[in-house]
Amino acid sequence: SAVVLGAEMREDGRLKLHTVYRLAARVGPFESTTYRRFSDFVKLHAALKREMPHCRMPRSAQRMLDARLRPTAGPSPSALEKALGPKASKALGPLEKTLRPPGPEVRLRLLQRYCEDLVTLPELAQAEATLAFFWPSSAPG
């Protein structure tokens, strides 16, 4: 089994904040906890597609990828304000929200569903990329 336990903010070496997701995995009597960024899930999906091109990927993978791409679908709210002025930007109201990246809570739910789907598909659950992803390494989170 694999579970996304939560999300937390961390700083990288350049003092930029990013979100990491805490994962718990269990295989038989063995358990592990590791931390991964959203981009790590995207890389996992790409690796699984390369490793297993014949295998059908879970539908949750596309929803996860869509969440990653949504922020690039249009200009940022601050760019709108610069281009249109503060009054015009405020008039856009709900549109502005669609231009913001999904928050950690939304991504957490998407990632949880993706993890559940991965472990229920035996071929994907036993893939080398999946096993390496859920078991700790010396790489920083």
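Rules used in this analysis
- Residues numbered from 1 in each chain as written.
- Predicted model: local features only at pLDDT ≥ 70, side-chain atom pairs only at ≥ 80, totals over all residues.
- Heavy atoms only, no water.
- Helix = DSSP H or I, 4+ residues; strand = E, 2+ residues; numbered from the N terminus.
- Buried < 20%, exposed > 50% of the residue type's maximum accessible area, 1.4 Å probe, protein only.
- Contact = heavy atoms within 4.5 Å.
- Areas by Shrake-Rupley, 256 points an atom, 1.4 Å probe, with all protein chains shown as cover.
- pLDDT = per-residue confidence, 0-100.
- Pairing = 2+ DSSP bridges.
- Axes fitted to C-alpha atoms, helices over the stretch in contact; angles between N-to-C directions.

Of regular secondary structure, the protein possesses eight helices and three strands. Ordered by position from N to C terminus, the α and β elements of the protein give β-β-β-α-α-α-α-α-α-α-α. Out of the 141 residues in the protein, the part that is buried amounts to 35%. Long-range contacts, defined as pairs at least 24 residues apart, comprise 56% of the intrachain contacts of the protein with a sequence gap of at least 6. Total accessible area computed for the protein in this model is approximately 9,000 Å², and 56% of it derives from carbon and sulfur atoms.

A few words now on unusual backbone geometry. A positive phi angle is found at leucine 15, which is not glycine, with a value near 65°. Among the secondary structure elements, leucine 15 is positioned in the loop between β1 (2-11) and β2 (17-27).

Once that is clear, we can look at the side chain of glutamine 112. Structurally, glutamine 112 can be placed in helix α6 (residues 104-120). Judged by its relative accessible area of 15%, glutamine 112 is buried. If sequence neighbours within four positions are ignored, glutamine 112 has contacts with Ala2, Val3 and Val4.

The next point concerns the environment of proline 104. Mapped onto the elements of the fold, proline 104 is located in helix α6. Given a relative accessible area of 29%, proline 104 falls into the partly exposed group. Sequence separation between proline 104 and phenylalanine 38 is 66 residues; the distance between their C-alpha atoms is 9.3 Å. Among residues more than four places away in sequence, those in contact with proline 104 are Ala7, Thr19 and Tyr21.

Averaged over every residue, the pLDDT of the protein is 80; the share at 70 or more is 72%. No element of the protein has a lower mean pLDDT than helix α5 (residues 94-98), at 51, and none a higher one than helix α1 (residues 38-51), at 95. Low pLDDT (under 50) marks residues 71-75, which in the prediction has six contacts with non-local residues, meaning those over four places away or in another chain.

A few words on the sheet that holds β1. Spatial strand order, β1-β2-β3: three strands in an open sheet with antiparallel pairing. Strand pairing shows two members of the sheet lacking a second neighbour, β1 and β3 (30-37), which therefore form its edges. Shown here is a sheet whose adjacent strand axes are inclined to one another by a mean of 25°, direction ignored. Here β2 runs beside β3; their pairing, made up of eight bridges, is antiparallel. Paired with valine 27 across the strands is phenylalanine 30, a residue of β3. Running over the sheet, α1 touches β2 and β3 and is turned about 105° from β3. Its contacts with the sheet put α6 on β1 and β2, and the angle it makes with β1 is roughly 145°.

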